Amino acid sequence: MKSKLKFLNGILLLSLLLILTACSTSEGDAASSEGPIILGAYGPLSGDTAQYGESMKKNMEMYFEEVNSNGGIDGRKIQLIVEDDEGKPDKGINAVKKLIEKDKAIAILGGPLSNVNLATMIETQKSKIPHISTSGGNAKITESGNPYILRVVTKDNAIASAVAEYTANEADYKKIGILYSADEYGKGGGEAAEAKLKELGIEPVGMEVFNPGDKDYTPQLMKFKEADADAIIFWGFYVDGAILVKQIKELGIDAQLIGGTGLNNPKFTELAGEASEGVLFGSPFIATSPDIQDYVKKYEDKYGQLPDMTGATGYDAAQLIVAALKEVGTDKEKINEWLHNVKDFNGVTGVLTATEQGDLNDSVKIIEIHQDGSQTIAWDPNN
Amino acid sequence: MFIQQLIAGLAMGSIYALVAMGFTLIFKSMKLVNFAQGDLFMMGAMFGYTFYSIVGLPLVLSIIGGMVLSFLLGALFERLALNPLKNAPEMSLLLVTVATGILLQNLAKLIWGPDTLPFDTFSEVQTVTLGGVSIRTQDIVIVVVTILAVSIFHYFFQYTQFGKALRATSMDRQTASAMGINVRVMILLAIAISSTFGGLAGMLIAPVYFVYPTMGVMIGLKAFIASVIGGLNHIYGALIGGLFLGLMETFVSGYISSAYKDIVAFVILIVVLRFLPSGILGKKAINKV
């Protein structure tokens, strides 16, 4: 009996503590016209995809620091609050709810992952808050008819089509296998690549699936090997991609790996080591573009590394929201309207123009990774 | 294709077996399921990574260093978390192992960061080709080292004074204590050895898995299932359970679909619990009143 009481006391004390901490941090009301302007962002800051969230966060912080040191917006500073979604939709919903309800953020930026975005955008729509998704490429994000969502990165099906077109036409591979992760991101890209190949008259030699976080690709790769595949289109994240490309080499499979935006991360090269040489991927962003060298240099000076696609889309989201705040102030509806009418905005991931659905970008490049880790454009469909 | 699947399955099974032996060893000596086992596995990989990739020690020294630190971490875990609760109800002990797991994960996140870290393969040669079949050298390394580690442990457990005392403790704590065996020291030893096994497994798999703070979560769960399949009450049951699970997973993803890989373990667990509740090697447990 006594221990039961103790237990109950413990629970009471714990809940009291939780309430107290919750109260003490919820200060500041963005709806007021004084104090800092509060913006919320979310992304994976831990787990398998932490690198995506980290680089998004670093980019946003860098940009907002710059804006704040130049006097902010009409004298008001920007305060960015970043929450960890661990790469999971349920955590993402909690993060966004917290940002909206407790922190009173007036706009939500991020996150880098499609599966999380598809869940969180329902929350931002409910609360009628402008939401700029950064690098979640799944087509459904903007095709769902949600009037509050915008997206910086080029849609995955557009990138996957370009990847398929390059593989089949430009590079002239004939026996192409497709391997994609069993989540929203992988399915979107894998199926779009398959559709484009069929349109070009090529039947893929295999469509294989893996669970994100899988460590052994022997079964799938052996099937490609038996089908004599000369190229593998891969739609998944960088950790999985790094393990895969190592195993392609280890199992002695002679096939070119061509991936999507998920591989556009310096960590991919670091993890895969030598095996990353010659890997190709489709992405709207490359750090060596001549017109964005100011940005690249600033980032390199601050963090000692080159920016990546996930981060760069975060930077553009930050630039867009600041431009909107400067134009129309802190009214959420007006911000949303302004963002949906953006035209020829010079971002670091391309020239951004909003479509009715909220897509801002349509550029794609096929990029090659070299032995020293540097990247060059292998093919640009617009040139 | 069959040979490749077989080797990959044996390698994965060896990892499960090493971690699972930690479960059974602790369960035998103090009737406790240690839910921090997966995270002790992760810490071993982190220690190995630190010695090998940051400090730059030679591979063998790094692994030995990693095992020594894992041993000490296990001992520390017993001293700081389990020993103070030696008279507490079993549930408290169980919760302490869960809490330790969470603590270790977050500690690792603080020390090494949330990122996935690369760990070079042990050998420059990454594959050997035998009769037209290419096999990953790391898989062979995993299997050989596991056999070696289990053999050394077996010798220690069966033939040394310490081993006999440990066995006595695992059979009956009270009688062992009456015979003049320092039971607390034996329990400390059992937990430290469990942690060492986990840590070794972590370092062996690191070149395949890479290293990150949550790498132990799924492995811990799978190894626990492996130890239940083999029989929690039987130290070598973990070996059989681990190898069986590793092989089943690889064959299912190879011949049926990789989408079902993670389901295999749980289906086997349900079947085993229904028809062989004490595991493959286990005898029916007798509850003495």
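For clarity, every value in this text was computed on a predicted model and none was experimentally measured.

Caption draft 1: The arrangement of the environment of Ile377(A) in detail. With respect to the helices, strands and loops of the structure, Ile377(A) is situated in strand E14 (residues 375-379). Excluding anything up to four places from it in sequence, Ile377(A) contacts Ile286(A), Lys365(A), Ile366(A) and Ile367(A).

Caption draft 2: Just the environment of Tyr173(A), in detail. Turning to its location among the elements, Tyr173(A) is positioned in the loop between helix H6 (156-170) and strand E6 (176-181). For the pair Tyr173(A) and Asp230(A), spaced 57 residues apart in sequence, the C-alpha separation works out to 6.4 Å.

Caption draft 3: Main features of the sheet that holds strand E4 (residues 131-133) of chain A. Residue and element names in this part refer to chain A. Ordered by their spatial adjacency, five strands build an open sheet running E2-E1-E3-E4-E5, and the pairing between neighbours is parallel. What marks the edges here is a single partner per strand, and that holds for strand E2 (78-84) and strand E5 (149-151). This sheet shows a mean twist of 20° between the axes of neighbouring strands, independent of strand direction. In this structure, strand E1 (residues 37-43) lies alongside strand E3 (residues 108-110), joined through three bridges in parallel fashion. Note on E3: the bridge partner recorded for Ala-41 is Leu-109. Its contacts with the sheet put helix H3 (residues 89-102) on E1, E2 and E3, and the angle it makes with E2 is roughly 155°.

Caption draft 4: Layout of the domain arrangement of chain A. Residue and element names in this part refer to chain A. Annotation of chain A at the domain level lists domain 1 (35-154 + 289-352) and domain 2 (157-283 + 366-379). The centre of domain 1, based on its C-alpha atoms, is set 28 Å off from the matching centre of domain 2. At the junction of the two partners, domain 1 supplies 19 residues and domain 2 supplies 17 residues. Taking both sides of the interface into account, the surface hidden between domain 1 and domain 2 amounts to around 1400 Å²; carbon and sulfur atoms contribute 57%. Across the pair Glu-184 and Lys-140 runs a salt bridge whose closest N-O atoms are separated by 3.0 Å. Partitioning the side of domain 1 that touches domain 2 into residue classes produces eight nonpolar, seven polar and four charged.

Caption draft 5: Examining the interface of chain B and chain A more closely. Each partner contributes to the interface: chain B provides 28 residues, whereas chain A provides 30 residues. Between chain B and chain A, a total of about 2500 Å² is buried, with carbon and sulfur atoms accounting for 50% of that surface. The three residues of chain B that bury the most area against chain A are Thr116(B), Arg136(B) and Phe210(B), which together make up 22% of that side's buried surface. The interface formed by chain B and chain A includes two salt bridges.

Caption draft 6: Region of the structure containing the sheet that holds strand E7 (residues 206-210) of chain A. Residue and element names in this part refer to chain A. Strand order across the open sheet formed by seven strands is E7-E6-E8-E9-E10-E13-E14, with mixed pairing between neighbours. Either end of the sheet is taken by a strand with one partner, and the two such strands are E7 and E14. Geometrically, the sheet is characterised by an average inter-axis angle of 25° between neighbouring strands, direction not taken into account. The pairing of E6 with strand E8 (residues 231-235) spans five bridges and is parallel. Bridging from a neighbouring strand, Leu-179 pairs with Phe-234 of E8. Against the sheet, H6 engages E6, E8, strand E9 (256-259), strand E10 (280-283), strand E13 (365-369) and E14, with an angle of about 175° to E8.

Caption draft 7: Broad picture of the nonpolar core. Core analysis: the biggest nonpolar cluster contains 87 residues, and Ile15(B), Met21(B), Phe153(B), Ile205(B), Val211(B) and Met215(B) have the highest contact counts within it. The leading source of residues in this core is helix H8 (residues 183-209) of chain B, at 16 residues. With sequence-adjacent residues up to four places away left out, Phe153(B) is seen in contact with Met21(B), Leu25(B), Ile193(B), Phe197(B), Ile235(B) and Tyr236(B). Counting residues in hydrophobic clusters, the runner-up holds 68 residues, among them Ala95(A), Ala168(A), Ala193(A) and Ala275(A).

Caption draft 8: Focus on the pattern of salt bridges. Inspection of the entire model under this criterion finds 27 salt bridges over all chains. Among the salt bridges present, the one from Arg151(A) reaches Asp359(A), with a minimum N-O distance of 2.9 Å. Of this pair, Arg151(A) sits in strand E5 while Asp359(A) sits in the loop between strand E12 (350-352) and E13; the two residues are 208 residues apart in sequence, bridging distant segments of the chain. Note on accessibility: Arg151(A) and Asp359(A) belong to one class, buried. Across the pair Arg79(B) and Glu78(B) runs a salt bridge, and its minimum N-O distance is 3.1 Å. Judged by its relative accessible area of 0%, Glu78(B) falls in the buried class.

Caption draft 9: Focus on the side chain of Gln51(A). Position of Gln51(A) relative to the elements: it lies in helix H2 (residues 50-69). Excluding its chain neighbours within four sequence positions, the residues that come into contact with Gln51(A) are Tyr238(A), Asn265(A), Lys267(A), Gln305(A), Asp308(A) and Asp115(B).

Caption draft 10: Broad picture of the packing of H3(A) against helix H4 (residues 114-126) of chain A. Residue and element names in this part refer to chain A. Closest axis-to-axis distance for the H3/H4 pair is 8 Å, and the angle between their directions is 35°. Here H3 runs over H4; the crossing is right-handed. On the side of H3, the interface is formed by Pro-89, Gly-92, Ile-93, Val-96, Lys-97 and Ile-100, while H4 contributes Asn-115, Val-116, Ala-119, Thr-120, Glu-123 and Thr-124. Broken down by class, the residue content of the contact of H3 with H4 amounts to six nonpolar, four polar and two charged.

Caption draft 11: Focus on helix H6 (residues 161-171) of chain B. All names here are of chain B. Buried within H6 are the following residues: Gly-163, Ala-165, Leu-166, Thr-169 and Ser-170. For H6, the arc enclosing every buried residue in end-on projection is 160°, short of the 170-degree limit, so these residues lie on one face. Away from its buried face, by an angle of more than 90 degrees, H6 presents the exposed residues Gln-161 and Met-171. On its buried face, H6 is in contact with helix H1 (2-30), helix H5 (137-159), helix H7 (173-178) and H8.

Caption draft 12: Quick look at a negative patch on the surface. Among the surface-exposed residues, Glu274(A), Glu277(A), Asp372(A), Asp120(B) and Glu124(B) lie close enough to one another that they form a single negatively charged patch. Among the residues examined, Glu277(A) registers a relative accessible area of 43% and is labelled partly exposed.

Caption draft 13: Layout of unusual backbone geometry. Residue and element names in this part refer to chain A. Of the consecutive residues Gly-110 and Gly-111, the connecting peptide bond is found in the cis state with omega at -10°. Structurally, Gly-111 is set in the loop between E3 and H4. With a phi angle near 50°, Asp-74 is a residue other than glycine that sits in the positive phi range. Mapped onto the elements of the fold, Asp-74 is located in the loop between H2 and E2. Look at Asp-344: it is not a glycine, yet its phi comes out positive at around 50°. As for its position among the elements, Asp-344 is in the loop between helix H13 (332-340) and strand E11 (345-347). For Asp-344, a relative accessible area of 52% puts it in the exposed group.

Caption draft 14: Layout of the confidence of the model for chain A. Looking at chain A as a whole, its pLDDT mean stands at 89, while 91% of the residues score no less than 70. Here residues 23-30 of chain A is a poorly scored stretch, pLDDT under 50, and it has 11 contacts once near neighbours within four places are set aside; other chains count.

Caption draft 15: Fine view of the side chain of Asp308(A). Residues and elements named next belong to chain A. Relative to the elements of secondary structure, Asp-308 occurs in the loop between helix H11 (293-303) and helix H12 (309-328). Buried and unpaired, Asp-308 has Lys-58 as its nearest opposite-charge partner, separated by 7.6 Å. For Asp-308, the side chain forms a polar contact with the main-chain nitrogen of Thr-310, separated by 3.2 Å. A polar side-chain atom of Asp-308 sits 2.8 Å from the main-chain amide nitrogen of Gly-311.

Criteria and cut-off values
Residues numbered from 1 in each chain as written. Chains lettered and ligands numbered in written order. Predicted model: local features only at pLDDT ≥ 70, side-chain atom pairs only at ≥ 80, totals over all residues. Heavy atoms only, no water. Helix = DSSP H or I, 4+ residues; strand = E, 2+ residues; numbered from the N terminus. Contact = heavy atoms within 4.5 Å. Pairing = 2+ DSSP bridges. Axes fitted to C-alpha atoms, helices over the stretch in contact; angles between N-to-C directions. Domains from an automatic or database assignment. Buried area = accessible area lost by both parts, 1.4 Å probe. Salt bridge = Lys/Arg side-chain N within 4 Å of Asp/Glu carboxyl O. Nonpolar A, V, L, I, M, F, W, Y, C, P; charged D, E, K, R; others polar. Core = buried A, V, L, I, M, F, W, Y, C linked by side-chain atoms within 4.5 Å. Buried < 20%, exposed > 50% of the residue type's maximum accessible area, 1.4 Å probe, protein only. Left-handed = near helix turned anticlockwise from the far one by under 90°. Arc of directions from axis to C-beta. Patch = residues over 30% accessible without salt bridge, like charges linked within 9 Å, V, L, I, M, F, W, Y side chains within 5 Å. Areas by Shrake-Rupley, 256 points an atom, 1.4 Å probe, with all protein chains shown as cover. Lys, Arg positive; Asp, Glu negative; His and termini not counted. Charge placed at Lys NZ, Arg CZ, Asp CG, Glu CD. pLDDT = per-residue confidence, 0-100. Polar contact = N/O pair within 3.5 Å; in protein donor to acceptor, adjacent residues only side chain to side chain.

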